[in-house]
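Listed below, chain by chain, are the residues.
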Amino acid sequence: MKKTIYIIEHLEPELFEWCLIEYEHISETIGKENLWFTNIKPSDAKKLEKFGKVFLESVKNMKLSNACVLDPECDKTLTSSETNSFDYLIFGGILGDYPPRKRTQEELTPFIKNAEIRNIGKEQMSTDNAVYTVKQIENGKKLQDLKFKNGISIEINEFESVELPYLYNIRDKKPFMSAKLIRYLKKKKSF
Ligand SMILES: C[S@@+](CC[C@H](N)C(=O)[O-])C[C@H]1O[C@@H](n2cnc3c(N)ncnc32)[C@H](O)[C@@H]1O
């Protein structure tokens, strides 16, 4: 059976704890055998080896063929049949920012020569939600049939909450989000 590799090009200056939690969630979602992390600093490689294959090299230098970059700024939407025909699906390992700064378009897409470029809608998803969405499309679902919620609120305690103004998949009636990330947000806020 053909194996499609999901590639996360890490583009943040550090491997922040939030990124690491999202990357672990991605590995749980698609399996570590289908996941590559690229552009990783030698000092961070060990932390990621248990979640996927780690490359210090940037995907920008890998000259991969039959690849697709997922970029919210592109005009064409990904379909199931083409997802199955790609060998590599490339995502920006970028934390969400609001309003979006179009970093995928600036820091990733132009540097992957000969790749196709697709969106999965125009709204910004976290990298783990973008991967989960593409996995559903790879499994034959249409983007318009998936359920989403735009903007979620995580209750920290009786009085406070954290607003996350991004698009979240709804799975089992709940936003698709790592339980570890919720614990991290609660802990961070309580200090
Ligand atoms: C949090 S997003 C980065 C958003 C960043 N603010 C930007 O403007 O590019 C992380 C990654 O998920 C993927 N992604 C998120 N939403 C997407 C969408 N609607 N269409 C295509 N890719 C998306 C992209 O690969 C993106 O680099």
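See the structure above.
An account of the accompanying structure is given in this report. (Residues numbered from 1 in each chain as written. Predicted model: local features only at pLDDT ≥ 70, side-chain atom pairs only at ≥ 80, totals over all residues. Heavy atoms only, no water.)

1. Side note on the sheet that holds strand S2 (residues 35–38)
Then comes step 1: With respect to topology, six strands assemble into an open sheet ordered S3-S2-S1-S5-S4-S6, the strand pairing being parallel. Either end of the sheet is taken by a strand with one partner, and the two such strands are strand S3 (53–54) and strand S6 (116–118).
Then comes step 2: Where strand S4 (residues 67–70) meets S6, three bridges bridge the pair, whose relative direction is parallel. Following the sheet pairing, leucine 70 is matched in S6 by arginine 118.
Then comes step 3: Here helix H5 (residues 127–138) sits on the sheet and contacts strand S1 (5–10), S4 and strand S5 (88–93); the angle it forms with S5, its principal contact strand, is near 160°. (Pairing = 2+ DSSP bridges. Helix = DSSP H or I, 4+ residues; strand = E, 2+ residues; numbered from the N terminus. Contact = heavy atoms within 4.5 Å. Axes fitted to C-alpha atoms, helices over the stretch in contact; angles between N-to-C directions.)

2. A short note on the packing of helix H1 (residues 17–30) against H5
Then comes step 1: Contact geometry of H1 with H5 gives a least axis separation of 9 Å together with a crossing angle of 15°. Classed by the angle they form, the pair H1 and H5 counts as roughly parallel. Where H1 crosses over H5, the handedness of that crossing is right-handed. Of the residues in H5, those in contact with Glu22, His25, Ile26, Thr29 and Ile30 of H1 are Thr127, Asp128, Val131, Tyr132 and Lys135.
Then comes step 2: Of the residues in the contact of H1 with H5, the class split is four nonpolar, three polar and three charged. (Parallel < 35°, antiparallel > 145°, perpendicular 65-115°, else oblique. Left-handed = near helix turned anticlockwise from the far one by under 90°. Nonpolar A, V, L, I, M, F, W, Y, C, P; charged D, E, K, R; others polar.)

3. Some words on H1
Then comes step 1: Compared with an ideal rise of 1.5 Å per residue, which puts 14 residues at 20 Å, H1 spans 20 Å between its outermost C-alpha atoms and is within 8% of the ideal.
Then comes step 2: Among the 14 residues that make up H1, 10 are buried, leaving the element largely enclosed by the rest of the structure.
Then comes step 3: Every buried residue belonging to H1 is among Trp18, Cys19, Ile21, Glu22, Tyr23, Glu24, His25, Ile26, Ser27 and Ile30, and all of these are buried.
Then comes step 4: Downstream of H1 by a residue or two, glycine 31 has a phi angle that is positive, lying close to 90°. (Expected span 1.5 Å × (residues − 1). Buried < 20%, exposed > 50% of the residue type's maximum accessible area, 1.4 Å probe, protein only.)

4. Structural notes on the pairing of strand S7 (residues 148–155)
Then comes step 1: Bridging between S7 and strand S8 (residues 161–171) involves seven bridges; their strand directions are antiparallel. Bridged to lysine 149 within S8 is tyrosine 168.

5. Points about H5
Then comes step 1: With 12 residues, H5 ought to run about 16 Å at 1.5 Å a step, and its terminal C-alpha atoms sit 16 Å apart, in line with that.
Then comes step 2: Among the 12 residues in H5, 12 count as buried, and that is most of the element.
Then comes step 3: Looking only at H5, the buried set comprises Thr127, Asp128, Asn129, Ala130, Val131, Tyr132, Thr133, Val134, Lys135, Gln136, Ile137 and Glu138.
Then comes step 4: Immediately beyond the C-terminal end of H5, within one or two residues, lies glycine 140, with a positive phi of roughly 105°.

6. Quick word on the side chain of asparagine 34
Then comes step 1: Along the chain, asparagine 34 turns up in the loop between H1 and S2.
Then comes step 2: A distance of 2.6 Å separates a polar side-chain atom of asparagine 34 from the backbone oxygen of isoleucine 30.
Then comes step 3: Other than its neighbours up to four places away in sequence, asparagine 34 contacts Lys3, Thr4, Ile5 and Tyr6. (Polar contact = N/O pair within 3.5 Å; in protein donor to acceptor, adjacent residues only side chain to side chain.)

7. Brief notes about the nonpolar core
Then comes step 1: One finds Phe91 and Ile120 to be the most contacted residues of the largest nonpolar core, which totals 27 residues.
Then comes step 2: Elements represented by at least two residues in this core include exactly S1, H1, S2, S4, S5 and H5. (Core = buried A, V, L, I, M, F, W, Y, C linked by side-chain atoms within 4.5 Å.)

8. Concerning the pairing of S5
Note on strand geometry: in a regular strand, side chains alternate between the two faces of the sheet.
Then comes step 1: Within S5, six of the six residues are buried, which leaves it mostly tucked inside the rest of the structure.
Then comes step 2: Burial of S5 is two-sided: the residues Tyr88, Ile90 and Gly92 facing one way and the residues Leu89, Phe91 and Gly93 facing the other way are all buried.
Then comes step 3: Here S1 runs beside S5; their pairing, made up of six bridges, is parallel. The partner of isoleucine 5 across the bridge, within S5, is tyrosine 88.
Then comes step 4: The pairing of S4 with S5 spans three bridges and is parallel.

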